[in-house]
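Architecture at a glance
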Amino acid sequence: MDTNQPALSVRDIHKQFGNTEVLRGVSFEAHSGDVVSIIGSSGSGKSTLLRCINFLESPNSGEIVVGGEAIRTRKDKTGSLVPVDKAQLRQMRARLGMVFQNFNLWDHRTVMDNIIEGPVHILKQSKKQAKEQARALLDKVGLFDKEDHYPSQLSGGQQQRVAIARALAMNPTVMLFDEPTSALDPELVSEVITVIRQLAEEKRTMIMVTHEMALAREISSKLIFLDQGLIHTQGSPAEVMDNPDSDRLRQFLGMLNAA
Amino acid sequence: MAEFLNYMAWGPKGWGDEFFFAFFMTLKISLIAYGASFAMGLLFAMFKLSNSRFLRGIAGTYTTVVRALPEMLMILLVYFAVAGMAEKMLVSAGLVGSEFQFSPFWTAVFALAFVSGAFMTEVIRAGLLAVPKGGIEAAWAIGMSGPQIFRRVVMPQMMRHSLSGLGNLWLGITKDSAIVSILGAFGELLQTGYRAAAATKEYGYFYGLTALLFLLITILSLAVLHWMEKRLNRGLL
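Model, not experiment: these values are computed from the prediction.

About the thresholds
Residues numbered from 1 in each chain as written. Chains lettered and ligands numbered in written order. Predicted model: local features only at pLDDT ≥ 70, side-chain atom pairs only at ≥ 80, totals over all residues. Heavy atoms only, no water. Helix = DSSP H or I, 4+ residues; strand = E, 2+ residues; numbered from the N terminus. Buried < 20%, exposed > 50% of the residue type's maximum accessible area, 1.4 Å probe, protein only. Areas by Shrake-Rupley, 256 points an atom, 1.4 Å probe, with all protein chains shown as cover. Lys, Arg positive; Asp, Glu negative; His and termini not counted. Charge placed at Lys NZ, Arg CZ, Asp CG, Glu CD. Contact = heavy atoms within 4.5 Å. Buried area = accessible area lost by both parts, 1.4 Å probe. Salt bridge = Lys/Arg side-chain N within 4 Å of Asp/Glu carboxyl O. Polar contact = N/O pair within 3.5 Å; in protein donor to acceptor, adjacent residues only side chain to side chain. Core = buried A, V, L, I, M, F, W, Y, C linked by side-chain atoms within 4.5 Å. Domains from an automatic or database assignment. Pairing = 2+ DSSP bridges. Expected span 1.5 Å × (residues − 1). Arc of directions from axis to C-beta.

This part is about the overall build of chain B. The number of helices and strands found in chain B is nine helices and zero strands. Across the 237 residues in chain B, those meeting the buried criterion constitute 45%. Accessible surface, chain B: about 12,400 Å² in total, of which carbon and sulfur atoms supply 70%. Here chain B contributes 18 positively and 12 negatively charged side chains, and the mean placements of these two sets differ by 14 Å.

What follows is the structure, encoded as structure tokens:
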């Protein structure tokens, strides 16, 4: 991969649900090692933006480029972009590791099986190799002894750490985090944050939608404030948070402080 | 007592071999019909959950009509009317010769599957709806294909949610297999029991034996279902 090439380019993404324009032309880039945090009030379109990156939602227009390769699309008759080549889309998705708010582990499979599913059945690694890697990842997220457990036997924080290990097992170009701590009990948030912080220190490229302002300030190389489907402000965490340049941003940050 | 042992002799003089084969004939009819019914249930359940109003209409009509009519009437209709129409269509399409007829055995099995398939559709539909959407989304996000997701994520969880309904339908179909005896002599259990009882006038003995053999099928089935339930529910609290 060309090192000057951004790991991820999001270009002029528009998304409509019915008559509501949720995203009205959003563009940003993340270079290798960047941590981009997206903040904004609920309804600002930040989760939709993240889901457009791996086409869990189809944007109405725009382009997603991962490591220099664009997801090839065409317009369908409803005006949504649809992938031209499903195999290419699957390859691109495999390079975008997604971590969900509600973990979304496969309940019927053990922790180990959850982690090796992608490497074995999509990347076609041998089971042995995938298991070795999975154990290393479980060690990294502090769950070395849980490989034979089922998700229902784990706490929310543990499940989310397994979900992070599952995404990492694909060795993705970019990690996407969709409010990874929002569904957790307060006392379980820190164990997940610790793992995310560690990934940032290892220079993982990450895009994170979050309400954890302290975390966003600490690890982000870029902070994006999304408002009414547009990037309202972007910059370093200090630029965005310490000198809010508009009432809307001040209002948003103020609401968080009050809460 | 010796008399009853003689009745159970193997060969032309006794009924032992008849009941032995009847037991397996009932199992065979049930297994084939059940397999076909499962396939139909899966297909129509997907129709019911599809975005197409046309497919939903077809599946809705099928499950409503079949579940509304008495099973025996439904089986007679499929056997005499539907199979006949299908034969005529195949003949006029030139796909088969004008002498073509479905074999009575397969028509009977299909009729059984057709009726059970309507109930199966509902059981599977409910099972599919109970599969958590998040896991399916995670599967898309990791780069799985549609068929992979169906096989590796949806099916195992659908089975878990549907198992009690699937088990009931299996037990139902082993007993409904007796209804096909009105369509012809296939040598399944009930008909064999009837023949043996009529020939010997030992009604209590032979109907009792028939009942025991049906009970045996159920007991074996329950053991298999129990094992499947434990297997499928791994990881469920």
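Additional details are given in the paragraphs that follow.
The next thing to look at is the interface of chain A and chain B. In this assembly, 22 residues from chain A lie in contact with 22 residues from chain B. Of the roughly 2,000 Å² buried where chain A meets chain B, counting both sides, 57% is carbon and sulfur surface. For the pair chain A and chain B, the interface holds two salt bridges. Residue Glu137(B) is joined to Arg51(A) by a salt bridge in which the shortest nitrogen-to-oxygen separation is 2.7 Å. Inspection of the chain A/chain B interface yields eight residue pairs in polar contact (both at pLDDT 80 or more). Among the secondary structure elements, those contributing two or more residues to the side of chain A that touches chain B are α2 (86-94), β8 (96-99) and α3 (111-121) of chain A.

Let us look at the nonpolar core. With 101 residues, the main nonpolar core has Leu8(A), Phe28(A), Ile53(A), Ile64(A), Ile207(A) and Ile124(B) as its most contacted residues. If you tally residues by element for this core, the top one is helix α2 (residues 16-48) of chain B, at 14 residues. Looking at which domains feed residues into this core, each of domain 1 (1-87 + 176-259) and domain 2 (96-171) of chain A gives three or more. Core analysis: the second largest hydrophobic core is formed by 38 residues, Phe103(A), Val111(A), Leu138(A) and Ile196(A) among them.

So, about the sheet that holds strand β1 (residues 8-17) of chain A. Whether parallel or antiparallel, the strands of a sheet pair through hydrogen bonds between backbone atoms. Residue and element names in this part refer to chain A. Taken together, four strands build an open sheet; the order of strands is β2-β1-β4-β5 and the sheet is antiparallel. Each edge of the open sheet carries a strand with a single partner, namely β2 (20-30) and β5 (69-70). The sheet contact formed by strand β4 (residues 61-66) and β5 spans two bridges and is antiparallel. Counterpart to Val65 in the pairing with β5 is Ala70.

Turning our eyes to something else, we now look at helix α6 (residues 186-201) of chain A. All names here are of chain A. The terminal C-alpha atoms of α6 lie 24 Å apart, and with 16 residues this matches the ideal 22 Å at 1.5 Å per residue to within 8%. Every buried residue belonging to α6 is among Leu188, Val189, Val192, Ile193, Val195, Ile196, Leu199 and Ala200, and all of these are buried. Relative to the axis of α6, the buried residues are bounded by an arc of 160° and lie together on one face. Residues of α6 that are exposed and point more than 90 degrees away from the buried face comprise Glu187 and Glu201. Looking at the buried side of α6, the elements it contacts are β3 (35-39), α4 (127-140), α5 (156-168), β9 (174-178), β10 (206-209) and α7 (213-219).

One pass over the full model with this rule turns up 20 salt bridges over all chains. Salt-bridge contacts for Arg72(A) lead to Asp85(A); the nearest nitrogen and oxygen are separated by 3.2 Å. One end of the pair, Arg72(A), is in the loop between β5 and β6 (73-75); the other, Asp85(A), is in the loop between β7 (81-83) and α2, with 13 residues separating them in the sequence. Overall, the relative accessible area of 27% leaves Asp85(A) in the partly exposed class. With a closest N to O distance of 3.9 Å, Arg67(B) and Glu122(B) form a salt bridge. Highlighted residues: Arg67(B) in helix α3 (residues 53-68) and Glu122(B) in helix α5 (residues 104-129), separated in sequence by 55 residues. Assessed through its relative accessible area of 41%, Arg67(B) is described here as partly exposed. Owing to a relative accessible area of 15%, Glu122(B) belongs among the buried residues under this scheme. Beyond isolated ion pairs, a larger network of salt bridges with shared partners links Lys48(B), Arg67(B), Glu122(B) and Arg125(B).

This brings us to the pairing of strand β11 (residues 222-227) of chain A. Working note: regular strand, side chains alternate between the two faces of the sheet. Residues and elements named next belong to chain A. Judged by how many residues are buried, β11 sits mostly within the fold: five of six residues are covered. Relative to β11, β3 runs parallel, the two sharing four bridges. Looking across to β11, one finds that Ile39 is bridged to Phe225. Where β11 and strand β12 (residues 230-235) come together, five bridges link them in antiparallel fashion.

In short, geometric facts, not functional conclusions.
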